[in-house]
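In case you want the letters, here they are:
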Amino acid sequence: LTEDSKDKAAEAGNSVLTAFVNFDMSKLSNEQHVTYMEIMENSKEHSEHIIKSPLDHQREHFEELSKDVSDLIGLIGTDKILYEDFCPMYNNNKGAMWLSETETIKNPYFGSKMPTCGKMQKKIN
């Protein structure tokens with residue numbers, strides 16, 4: 001989405017689906033499992049929309065998928081350093097967050113129109 005590429009976004013949506021299929025749920029507690037299943041179902045729906053939709057609709061579902069992934073990280077943690085970024089102008093100035101593996105802002109909501117719009121809200125590790 002940062003490159004305004006519908007096809008690359010669709011590939012990433014497929015990668016998300018694959019990651020959920022390959023995730024080992026045996027390490028989750030019963031409570032975690034229930035929450036994980038809810039997050040997974042929502043994430044699958046958003047990923048499927050990202051795979052088959054035009055760019056503007058991909059971005060709408062990416063916003064929701066970003067929330068799901070953030071919730072997932074809150075549930076099970078991560079072994080990577082991630083950055084929670086925020087664009088205050090997206091969605092008629094309501095704003096939206098996304099997760100990134102780099103400190104550099106690469107805005108997925110405005111892509112090439114405003115590639116550096118946003119700021120890091122927090123570092124996750």
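These remarks concern the structure in this document. Here the structure is a predicted model, which is why all the values come from computation and not from measurement.

Focus on the overall build of the protein chain
(1) Moving on: Secondary structure assignment for the protein chain yields four helices and three strands.
(2) Moving on: When the helices and strands of the protein chain are placed in sequence order, the string is α-α-α-β-α-β-β.
(3) Moving on: Taken against the 2.2 N^0.38 rule, which gives 14 Å for 125 residues, the C-alpha radius of gyration of the protein chain at 14 Å falls within 12% of a compact globule.
(4) Moving on: Dimensions of the protein chain along its principal axes, counting C-alpha atoms only, are 45 × 30 × 20 Å.
(5) Moving on: Expressed as a percentage of the 125 residues in the protein chain, the buried residues total 38%.
(6) Moving on: In the protein chain, 57% of the contacts between residues at least 6 apart in sequence involve partners at least 24 apart.
(7) Moving on: Split by element, the accessible area of the protein chain, about 7,600 Å² in all, is 50% carbon and sulfur.
(8) Moving on: Of the side-chain charges in the protein chain, 14 are positive and 21 negative, and the distance between the mean point of each set is 4 Å.

Here's the deal with the packing of helix H1 (residues 6-22) against helix H2 (residues 30-52)
(1) Moving on: With their axes 8 Å apart at the nearest point, H1 and H2 run at an angle of 155° to one another. It follows that H1 is roughly antiparallel to H2 by the angle criterion. Once H1 is placed against H2, the crossing between them reads as left-handed. Each of Lys6, Ala9, Ala10, Gly13, Asn14, Val16, Leu17 and Phe20 in H1 lies in contact with H2, whose residues at this interface are Tyr36, Met40, Ser43, Lys44, Ser47, Glu48, Ile50 and Ile51.

Structural notes on the nonpolar core
(1) Moving on: Of all hydrophobic cores here, the largest spans 14 residues; its most connected members are Leu1, Ile50, Phe62, Cys87, Tyr90, Trp98 and Tyr109.
(2) Moving on: Ranked by residue count, the leading element in this core is helix H3 (residues 55-76), at three residues.
(3) Moving on: Counting residues in hydrophobic clusters, the runner-up holds six residues, among them Phe20, Ile39, Met40 and Leu72.

Things to note about the sheet that holds strand S1 (residues 82-87)
Backbone-to-backbone hydrogen bonds join strands into a sheet, with any given pair of strands oriented parallel or antiparallel.
(1) Moving on: Strand order in the open sheet formed by three strands is S2-S1-S3, and the pairing between neighbours is antiparallel. Of all strands in the sheet, those bounded by a partner on one side alone are strand S2 (96-100) and strand S3 (119-124). Neighbouring strand axes in the sheet, compared pairwise and without regard to direction, differ in orientation by 25° on average.
(2) Moving on: Pairing of S1 with S2, which is carried by five bridges, proceeds in the antiparallel orientation. The residue bridging Asp85 from the neighbouring strand is Trp98, located in S2.

Thoughts on the state of the cysteines
(1) Moving on: For the structure shown, the criterion picks out zero disulfides.
(2) Moving on: With no disulfide of its own, Cys87 lies closest to Cys117 among cysteine sulfurs, the gap being 3.7 Å.
(3) Moving on: On the basis of relative accessibility, which here comes to 14%, the residue Cys117 falls in the buried class.

Things to note about H3
(1) Moving on: The end-to-end C-alpha distance of H3, which contains 22 residues, comes to 30 Å, matching closely the 32 Å that a straight helix rising 1.5 Å per residue would cover.
(2) Moving on: Along H3, the positions that sit buried rather than exposed are Leu55, Gln58, Arg59, His61, Phe62, Glu63, Leu65, Ser66, Asp68, Leu72 and Ile73.
(3) Moving on: Just beyond H3, the residue with positive phi is Gly77, at close to 85°.

Conventions adopted
Residues numbered from 1 in each chain as written. Predicted model: local features only at pLDDT ≥ 70, side-chain atom pairs only at ≥ 80, totals over all residues. Heavy atoms only, no water. Helix = DSSP H or I, 4+ residues; strand = E, 2+ residues; numbered from the N terminus. Rg over C-alpha atoms; globule rule 2.2 N^0.38 Å. Buried < 20%, exposed > 50% of the residue type's maximum accessible area, 1.4 Å probe, protein only. Contact = heavy atoms within 4.5 Å. Areas by Shrake-Rupley, 256 points an atom, 1.4 Å probe, with all protein chains shown as cover. Lys, Arg positive; Asp, Glu negative; His and termini not counted. Charge placed at Lys NZ, Arg CZ, Asp CG, Glu CD. Axes fitted to C-alpha atoms, helices over the stretch in contact; angles between N-to-C directions. Parallel < 35°, antiparallel > 145°, perpendicular 65-115°, else oblique. Left-handed = near helix turned anticlockwise from the far one by under 90°. Core = buried A, V, L, I, M, F, W, Y, C linked by side-chain atoms within 4.5 Å. Pairing = 2+ DSSP bridges. Disulfide = S-S within 2.5 Å. Expected span 1.5 Å × (residues − 1).

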